Amino acid sequence: MKFSHPLMHNNFSPSDMKGAIQLLRKRNPVLTQSRYVREFENKWSKWLKVKYSVFVNSGSSANILTMSILKILYGKGEIILPTLTWVSDVNAVILNDFKPVFVDINPRNLCMDENEIFKKVNKNTLAVFMTHAQGFNGLSNKLLKFLRKKNIILIEDVCESHGATFNKKKLGSFGKISNFSFYYAHHMSTIEGGMICTNDKKIYQIARILRSHGMAREIGNQIDEKKIVKKYPKLSPKFIFLYPAYNFRNNEINATIGINQLKSLDKNNNIRRKNFSTFLSNLNQSLYQTNYKLDGSCNYAFPVILKEKNFRLRDRLELTLKKNNIEFRRGNAGGGNQLRQPYLKKYIRKIDYSKYKNVEHVHNFGYYIGNYPSLQSDKIKKICSILNSI
Ligand SMILES: Cc1ncc(COP(=O)(O)O)c(C=O)c1O
């Protein structure tokens, strides 16, 4: 068989399929958001050790709802964002009329450089929207203490880092709100899907309402629902729309898959951690970056970052990867420096790229390739010898 290494492999098991088929075979099955969605949310909250979770149709929807919640609760402000993240994090900020403030990354964990965050905080800063990039932890005691002292909200995007930890606690349990994605290419999948998590009851209720058209009856608590109905006696009790909102609901099939996938997440993540260290110990350290901050990390991908700023070497690497059917993405998470993307031109006029030298390096000389549980150590060694051969 021809050698190949996709970004993700076999992220749906026969038991995922079986659960979904069983649901479809029921007589009159309820397939829109119902009891399995609730069950998945409860199980996810338990796994993450947070009070509340809201299942939505994508990680991007989780990002948008999160920023919409901040807008409802706090109005305006600046949101500090990484230059290396997925586009939906930035979209969520600008579409909710917040001012995005970008910071460079720390090359050792690909997350925001905390020293840059300290520099960019000012009286208008409302929140830091941390992306735990590609399985790495972006938190530190110093950062958490700083944010607490300055009364700045922490939002965590954990879409690429399910199961990664800081101080032995799972990422996503530190922020006021956290977001996960269950897209096919991530640590676990519900085909498409996302989760919003929080310990704050009010935020939970608003997230539920915004997920379903802004509808009051989605608040998830009969006493609170009755209070709203009483306040609007001229409206049909089941059709009270509190905010301009969205339909970001997910469905029972995806929830069933999520419940089943969650059972193997920890086991699969242990394999991913082991794979990652096999990659590291077989890569040529003079060619590629290997000094990552690994404490608590859990990576669904392996970052391949050339040390040298050499475009010819980069072209050779790409050619070698293509020739050997190793699927890759240049720029790592989200295609590299977001500041270079056309959609931002309207929002940020003058950009001095020399102020973002770490993300610029990843933008030009960084890649990621797959790290999935079915990947065997012999294959990792072969991939490394291909990478080392350039
Ligand atoms: C950091 C980050 N945030 C958000 C998302 C969006 O998730 P989804 O693809 O489920 O919309 C992704 C997707 O890859 C991501 O990597």
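Report follows, based on the coordinates.

Calculation rules
- Starting from 1, residues in each chain are numbered consecutively following that chain's sequence as written.
- Totals for whole chains, interfaces and linings use all residues, but because this is a predicted model, local features are given only for residues with pLDDT of at least 70 and pairs of side-chain atoms are given and counted only at 80 or more.
- In computing side-chain properties, one takes all heavy atoms of the structure into account and sets aside hydrogens as well as water.
- Put simply, DSSP marks the helices as runs of H or I at least four residues long and the strands as runs of E at least two long, and each gets a number from the N terminus on.
- Only C-alpha atoms enter the radius of gyration; for comparison, a globular chain is expected to reach 2.2 Å times N to the power 0.38, where N is the number of residues.
- In this scheme, a residue with accessible area under 20% of its type's maximum is buried, one over 50% is exposed, and one in between is partly exposed, where area comes from a 1.4 Å probe on protein chains only.
- Whether two residues touch is decided by their heavy atoms; if any such pair falls within 4.5 Å, the residues are in contact.
- Think of it this way: Lys and Arg go in the positive column, Asp and Glu in the negative one, and His and the chain ends go nowhere.
- Charge placement uses NZ in Lys and CZ in Arg. For Asp and Glu, CG and CD serve respectively.
- Put simply, a salt bridge is a Lys or Arg side-chain nitrogen that is within 4 Å of an Asp or Glu carboxyl oxygen.
- One heavy atom suffices: a residue is near a molecule or strand as soon as one of its heavy atoms comes within 4 Å of it.
- Under this definition, polar contacts are N or O atom pairs within 3.5 Å; protein pairs additionally need one hydrogen-donor-capable and one acceptor-capable atom, and for neighbouring residues in sequence, both atoms have to be side-chain atoms.
- Surface accessibility in these figures is a Shrake-Rupley result with a 1.4 Å probe; residues are shielded only by whichever protein chains are displayed.
- Note on definitions: the grid is 1 Å and covers protein atoms alone; a cavity is a set of points where a 1.4 Å probe fits but cannot get out; a pocket is an open set with protein on both sides within 12 Å along at least five of seven lines; lining residues have an atom within 4 Å of a point.
- If over half the atoms of a molecule are within 2 Å of the grid points of a cavity or pocket, the molecule is regarded as sitting in it.
- Side-chain classes follow a simple rule in which Ala, Val, Leu, Ile, Met, Phe, Trp, Tyr, Cys and Pro form the nonpolar group, Asp, Glu, Lys and Arg form the charged group, and the remainder, Gly included, forms the polar group.

When its secondary structure is counted, the protein chain shows 12 helices and 12 strands. Here the protein chain has a C-alpha radius of gyration of 22 Å; the compact-globule value for 390 residues is 21 Å, and the two agree. When burial is assessed residue by residue, the protein chain has 57% of its 390 residues classed as buried. Look at the contacts in the protein chain between residues 6 or more apart in sequence, and 72% of them connect residues 24 or more apart. One way to put it: in the protein chain the 64 positive side-chain charges average out to a point 3 Å from where the 28 negative ones average out.

With that out of the way, let us pick up the pattern of salt bridges. With the rule as written, the count across this model stands at 14 salt bridges. The salt bridge involving Lys-201 is made with Asp-224; its shortest N-O contact spans 3.7 Å. Within this pair, whereas Lys-201 is found in helix α7 (residues 201-211), its partner Asp-224 is found in helix α8 (residues 222-231), the two being separated by 23 residues in sequence. One salt bridge connects Asp-315 with Arg-314, and the closest N-O pair in it is separated by 3.7 Å. For Arg-314, a relative accessible area of 11% gives the class buried. Where salt bridges share partners, they join Lys-201, Asp-224 and Lys-227 into one cluster.

Quick look at the site of the ligand now. Gly-59, Ser-60, Asp-157, Glu-160 and Ser-181 are the nearest of the 15 residues found near the ligand. Within the backbone of Gly-59, an N or O atom sits 2.8 Å from an oxygen atom of the ligand. Asp-157 has a polar side-chain atom sitting 2.7 Å from a nitrogen atom of the ligand. If the ligand stood free it would expose 390 Å²; the protein chains cover 92% of that surface. In a pocket analysis with a 2 Å cut-off to the grid points, the ligand is assigned to the largest pocket. Secondary structure elements with two or more residues in the shell around the ligand: α3 (59-74) and α4 (87-95). For the shell around the ligand, the per-class residue count stands at three nonpolar, nine polar and three charged.

Phi at Asn-151 takes a positive value of approximately 60°, unusual for a residue other than glycine. On the accessibility criterion, Asn-151 (69% relative accessible area) is exposed. Look at Asn-167: it is not a glycine, yet its phi comes out positive at around 50°. If you trace the backbone, Asn-167 turns up in the loop between β6 (165-166) and β7 (169-170). Take Asn-167: its relative accessible area is 47%, and that puts it in the partly exposed class.

Read these as spatial facts, not as claims about activity.
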